[in-house]
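The residues making up each chain are set out below.
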Amino acid sequence: MTTVDEHETLSLPESGSRTIDDRLRGLVRWESGLVVLFVISLFYGASTSQYFMSLQTFFFAGLNFGEIAIMALPMTLIIITGEIDLSVASMLGLSASVLGYLFMHGWNLWLAMLICLIVGIVGGALNGVLITRLGLPSIAVTIGTLTLYRGIALIVLGSNTPTGFPEWATKISLPIGGSHIAYDFAIFVVMAIVFGVVLHMTPFGRSLFAIGLQQETAFFSGIRVKRIKFLLYVLSGLICSFAGILYTFQQASSASNTGLGLELNVVAIALFGGVSIFGGRGTIFGVFLAVCILASLQASLTDANVSAQAQNIVTGCLLLISVLVPNARDGFSRARAQLRRRKVRGAT
Amino acid sequence: MSITDEQLAVSSNARPTSSSFVTRLLGFRELAIVVAIGLVFGATFLKNSSFASAASVQQLLSGPSIIILLAVGETLVIITRNVDLSIGSVLGLSAYIVGIFFEHNPHFPVALALLVGLGVGLACGVVNGVIVAYARVPSLVVTLGMLYIIRGIDAIIVNGHQIDPSSIPQSFVNFGSNNVIGIPILFIVSVVAVAIVGYAMRTFRSARDLYAIGSNPDAAVLAGIPVQRRIFSAFAFSGALAGLGGALWLAEFATVASTAGTGYELDVVAAVVVGGVAIFGGSGTVLGAALGALLLNTIDQALVAARVSSFWNQAIAGAMLLVAIAFDRYVALRTERVLRVEGARRDNG
């Protein structure tokens, strides 16, 4: 824990008294930028289409982004510890395939769902063991399991696309009774709150930042680095398999290519939400805002007849901005510090 | 880890005589892939003798050619402890732009078409390089962003259109499908690229700098290596090869839609890693990466020839990748131990 405290004292102003300048700097957080961007994206949406500011838009945006958003939560925790998990979308596909396969063979749906979650835990544990016990780089391992899990999904389900899931399950593609809230979105919000509380208000959550900032220091401060990372990968596997179940019910069918290629979208959301790729920095609130911005932009661009592929440009630019802007700010403050030093040197 | 990497770099650069063990291990790494390719080939041949027919072998060579080309560029980038995820999109964009040139002018010369592809890729690579090297932002994020941006630009240019195979001149299609003395031209192109870059990576100082940067970026700066310029060049080079790969893609398939090359980036990274290039930079060879691509492709086609359901391809490729990473880790740990013992002996003696 000392690392975290150290980090915080380091970021406090040296004099102790907060000047206007410091207070301004507190406001210039990445999250404030995201709030502004979100408002802009809402105005943009409202200006492109009169139908944008409707509850329907809200519902469909929640429906489209639900799974990606849910998978972005464990991804956030993993990236904060300085690792990455690229196997998330394959895990979603594997879970969807297992669910479809078991349902096709007449299993009880609840039991099938339980098996899916267990598959998710096992898959996450495999990632975790390879990364923490064998000490292999997470980016390479999870590219491997990305291929492996998708491959197993193909073996399990082949080219079958089972349908005919019971109505009580597929009704999650409809709004929650009487409202315009998508089930996916509601689940995401609840989970985001839980993740936010755990990450920002518990010793466990704080220890993730410590690991991301200085792994060795965290270890010598008594944080069980390997165990925590292992648990995060298991959690990621579990949640991605859960997202796979949701996705299957929402589509009312299952296929082995479910969620193909979504891993990079999930990473993009976490990074755009202000999570540092080097670990040690990031908030759930930022990721939540990133989801809102991308969902709202997607809705308005679709209203404006921009093709889904062309919308990629927006995602890409936002990603670049998310690394370039904080960097420019750092460069600016570095330059200013240098200037100040030079001035002091000139005075003496 | 960084200390040992540094030791590795120092021992292999400064004392060529006593680094025989390290060189032997590196040679061993590539030999292991060759043996694996031989085993897969032999086992499949026993099951289905037509696997060794000329047509099948030609397919084995031409299939992975474009991936090999991309892997060469990716290797350079990964050796500097960076990654280029934009290559799949670059390939798609370049393939389509070359296609447009042919649609407007059916007599467009083949060599010039390859140059156009190379140029498009180079332009994308330069953008990557400038942002990563000079704005000092993590390459994973930048190239992920560029992956989306270039694919989006591609989609806008393509706009639902598809290059018509009939508008591609026969000479260019021949380039993608013909053989010279029984060897596919595509494969020859990629072998030439591997040979040239492989030679450069062993010989030229500027190329050796890439290893130094990947082993220890801070030490590389202190050693006076122009780190930013080298990283910039690695990205520009990777982009250019991906662009050339796009032109070859058009030659091979004669048609391009806006999805060409989607997902290639992870295939290429997988091939490079299977080929023994450390994902955190500082070690690995271009030859290894090319062999890695060849191995993954051979397995793919062996499964088809052995009449194993093609559904198994991906799972086996994934398992292979994990084995390769674990194997490299094992070798690295052993090397580290041996170097430590050697170092202790030297200090005492």
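Computed from a predicted model, the values in this text were never measured in an experiment.

Trainee: Break down the overall build of chain B for me, with residues and values.
Mentor: Counting its secondary structure elements, chain B contains 15 helices and 2 strands. In terms of overall size, chain B behaves like a compact globule, its C-alpha atoms giving a radius of gyration of 21 Å where 349 residues would be expected to give roughly 20 Å. Along the longest, intermediate and shortest principal axes, the C-alpha atoms of chain B span 75 × 55 × 35 Å. For chain B, the residues scored as buried account for 52% of the 349 residues in total. Contacts spanning at least 24 positions in sequence make up 80% of the contacts within chain B whose residues lie at least 6 apart.

Trainee: An account of the overall build of chain A is needed here, citing residue identities and associated values.
Mentor: Secondary structure summary: chain A contains 15 helices and 0 strands in total. Relative to a compact globule of 348 residues, whose C-alpha radius of gyration would be 20 Å, chain A shows 22 Å and is just as compact. Each principal axis of the C-alpha distribution contributes one length, and for chain A these read about 85 × 55 × 30 Å. Each of the 348 residues in chain A was classed as buried or not, and the buried ones make up 49%.

Trainee: Which residues make up the packing of helix α5 (residues 88-104) of chain A against helix α6 (residues 109-133) of chain A, and what values do they have?
Mentor: All names here are of chain A. Where α5 contacts α6, the two axes come as close as 9 Å, and the packing angle between them is 150 degrees. When the axis of α5 is compared with that of α6, the two are roughly antiparallel. Classified by chirality, the crossing of α6 by α5 is right-handed. For the pair α5 and α6, the contacting residues are Met 91, Leu 94, Ser 95, Val 98, Leu 99, Leu 102 and Phe 103 in the first and Leu 109, Ala 112, Met 113, Ile 115, Cys 116, Val 119, Gly 120 and Gly 123 in the second.

Trainee: Describe the interface of chain B and chain A, naming the residues involved and giving the relevant values.
Mentor: Each side of the interface is counted separately: chain B has 40 residues, and chain A has 41 residues. Per-element tally for the side of chain B that touches chain A: the top contributor is helix α7 (residues 139-158) of chain B, with 14 residues. A breakdown of the residues in the side of chain B that touches chain A according to their chemical character gives 30 nonpolar, 7 polar and 3 charged.

Trainee: How would you summarise the packing of helix α10 (residues 205-215) of chain B against helix α12 (residues 227-253) of chain B if you had to cite specific residues and measurements?
Mentor: All names here are of chain B. Closest axis-to-axis distance for the α10/α12 pair is 10 Å, and the angle between their directions is 105 degrees. When the interaxial angle is binned, α10 and α12 end up roughly perpendicular. The segment α10 lies against α12, with Ser 206, Asp 209, Leu 210 and Ile 213 engaging Val 227, Arg 230, Ile 231 and Ala 234.

Trainee: Go over helix α15 (residues 313-348) of chain B, please, and point to the residues and values.
Mentor: One full turn of an α-helix is made of 3.6 residues, so residues set three or four places apart face in the same direction. With 36 residues, α15 of chain B should cover 52 Å at 1.5 Å per step; its first-to-last C-alpha distance of 52 Å lies within 8% of that length. Within α15 of chain B, burial applies to Asn 313, Gln 314, Ile 316, Ala 317, Gly 318, Met 320, Leu 321, Leu 322, Ala 324, Ile 325 and Asp 328 of chain B. Where α15 of chain B is buried, its residues contact α6 and α7 (138-157) of chain A together with α13 (264-274) and α14 (286-305) of chain B.

Trainee: An account of helix α4 (residues 65-79) of chain B is needed here, citing residue identities and associated values.
Mentor: Residue and element names in this part refer to chain B. For α4, which comprises 15 residues, the first-to-last C-alpha distance of 21 Å matches the rise-based estimate of 21 Å (1.5 Å per residue) to within 8%. Taken across its 15 residues, α4 has 15 buried, putting it largely inside the fold. Positive backbone phi, approximately 65 degrees, marks Arg 81, located one or two places after α4.

Trainee: Tell me about the confidence of the model for chain A, and please be specific about residues and values.
Mentor: Residue-level pLDDT values for chain A average 85, and 91% of them are 70 or greater. Within the model, pLDDT remains below 50 along residues 1-16 of chain A, and this stretch shows 16 contacts once partners closer than five positions in the same chain are excluded.

Trainee: Break down the confidence of the model for chain B for me, with residues and values.
Mentor: Reading predicted coordinates in detail is not appropriate for stretches of low pLDDT. Residues and elements named next belong to chain B. Chain-level statistics for chain B give a pLDDT mean of 84 and a share of 92% at 70 or above. Mean pLDDT in chain B bottoms out at helix α1 (residues 2-14), which sits at 43, and peaks at α4, which reaches 94. For the stretch residues 1-18, pLDDT sits under 50, and the model shows 22 contacts to residues farther than four places along the chain or on other chains.

Trainee: Explain unusual backbone geometry to me, using residue names and the numbers behind them.
Mentor: With phi around 60 degrees, Ala 252 of chain A is a residue other than glycine that occupies positive phi space. Positionally, Ala 252 of chain A belongs in the loop between α12 (225-251) and α13 (262-272). One non-glycine residue, Arg 81 of chain B, lies in positive phi territory at about 65 degrees. With respect to the helices and strands, Arg 81 of chain B occurs in the loop between α4 and α5 (87-104).

Trainee: Any chance you could break down the environment of Gly 117 of chain B for me, citing the residues and the numbers?
Mentor: Residue and element names in this part refer to chain B. With respect to the helices and strands, Gly 117 occurs in helix α6 (residues 110-134). The spacing of Gly 117 and Gly 246 is 129 residues in sequence and 6.3 Å in space, taken between C-alpha atoms. Residues contacting Gly 117, with those up to four places away along its chain left out, are Ser 94, Val 98, Gly 243, Leu 244, Gly 246 and Ala 247.

Trainee: Outline the environment of Gly 205 of chain A, listing residues and values.
Mentor: Residues and elements named next belong to chain A. Among the structural elements, Gly 205 can be located in helix α10 (residues 203-213). Of the residues examined, Gly 205 has 17 C-beta atoms within 10 Å and is grouped as partly exposed. Spatially, the C-alpha atoms of Gly 205 and Phe 195 are 8.9 Å apart, while their sequence positions differ by 10 residues. Aside from chain neighbours lying at most four places away, what touches Gly 205 is Val 198, Leu 199 and His 200.

Trainee: Lay out the environment of Leu 73 of chain A with the relevant residues and their values.
Mentor: All names here are of chain A. For Leu 73, the location among the structural elements is in helix α4 (residues 55-80). The spatial distance from the C-alpha of Leu 73 to the C-alpha of Gly 274 is 13 Å, given a sequence separation of 201 residues. Residue contacts for Leu 73: discarding those within four places in its chain leaves Met 191, Ala 192, Phe 195 and Ile 239.

Calculation criteria
- Per chain, residues are indexed from 1 in the order of the written sequence.
- In the order they appear in the text, chains get letters beginning with A and ligands get numbers beginning with 1.
- The predicted origin of the model limits local features to residues at a pLDDT of at least 70 and limits the giving and counting of side-chain atom pairs to 80 or more, whereas totals for whole chains, interfaces and linings rest on all residues.
- Secondary structure elements follow DSSP: runs of H or I of four or more residues count as helices, runs of E of two or more count as strands, with numbering from the N terminus.
- It is over C-alpha atoms that the radius of gyration is taken, and the globule rule equals 2.2 Å times the number of residues to the power 0.38.
- Any residue surrounded by 20 or more other C-beta atoms within 10 Å of its C-beta is treated as buried, while 12 or fewer makes it exposed and the intermediate range makes it partly exposed; C-beta atoms here are placed from the backbone.
- A pair of residues counts as a contact when their C-beta atoms, built from backbone coordinates, are separated by no more than 7 Å.
- Structural elements are reduced to axes, namely lines fitted to C-alpha atoms, with helices fitted over the stretch in contact, and the angle between N-to-C directions of any two is expressed from 0 to 180 degrees.
- Here the angle decides the label: under 35 degrees means roughly parallel, over 145 means roughly antiparallel, 65 to 115 means roughly perpendicular, and every other value means oblique.
- With the far helix as reference, a near helix turned anticlockwise by less than a right angle produces a left-handed crossing, and one turned clockwise produces a right-handed crossing.
- Think of it as three bins: nonpolar holds Ala, Val, Leu, Ile, Met, Phe, Trp, Tyr, Cys and Pro, charged holds Asp, Glu, Lys and Arg, and polar takes everything else, Gly as well.
- The length a helix should cover is 1.5 Å for every residue beyond the first.
- A residue's pLDDT is the predictor's confidence in that residue, given on a scale from 0 to 100.

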